[in-house]
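Read off the chains here:
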Amino acid sequence: VLEGNTTWNGGLLVQGTVKGTIKVTGGPLVLMDTGVIAGSILCLGDVFLFGTIEHAGEYKMSKVESSGIAFLAETLRAEADISAARLRFFDGAQVN
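None of these values were measured; they are calculated from a predicted model. (Residues numbered from 1 in each chain as written. Predicted model: local features only at pLDDT ≥ 70, side-chain atom pairs only at ≥ 80, totals over all residues. Heavy atoms only, no water.)

(A) The packing of aromatic side chains, seen in detail. Overall, the coordinates contain one aromatic pair when judged by the stated rule. Relative to Phe71, the ring of Phe48 has its centre 4.7 Å away and its plane inclined at 0°; by these criteria the two rings are stacked. Linking Phe48 in strand E6 (residues 47-49) with Phe71 in strand E8 (residues 62-72), this pair joins segments that are 23 residues apart in sequence. By relative accessible area, Phe48 is classed as partly exposed at 25%. Under the relative-accessibility criterion, Phe71 is labelled buried at 18%. (Phe/Tyr/Trp six-rings, centres within 6.5 Å; stacked < 30°, edge-to-face > 60°. Helix = DSSP H or I, 4+ residues; strand = E, 2+ residues; numbered from the N terminus. Buried < 20%, exposed > 50% of the residue type's maximum accessible area, 1.4 Å probe, protein only.)

Listed below in structure tokens is the structure:
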């Protein structure tokens, strides 16, 4: 589990659990189907969401912001507010 406020340059591939505030520049954010994110995510690029986005805390939704395209895959399970320049939903993606 990685927790805290982090900034990543060159993109980020998440296969485990990340909690906190995340900023990604210079590449995409890829949340693999085994990955879990909880918190506030800002990506200055595209996001590929295959995994799970949990609540950021009690009574607080997680938030994902992308300046590019957000691809919401059929395996995505999200309890989050997701905003992007463009959204691509695939059959089966679940966002609450």
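So, next bit.
(B) Inspection of the pattern of salt bridges at higher detail. Counted under the stated rule, the structure contains one salt bridge. A salt bridge links Lys63 to Glu65; the shortest N-O distance between them is 3.8 Å. Residue classification places Glu65 among the partly exposed positions, given a relative accessible area of 29%. (Salt bridge = Lys/Arg side-chain N within 4 Å of Asp/Glu carboxyl O.)

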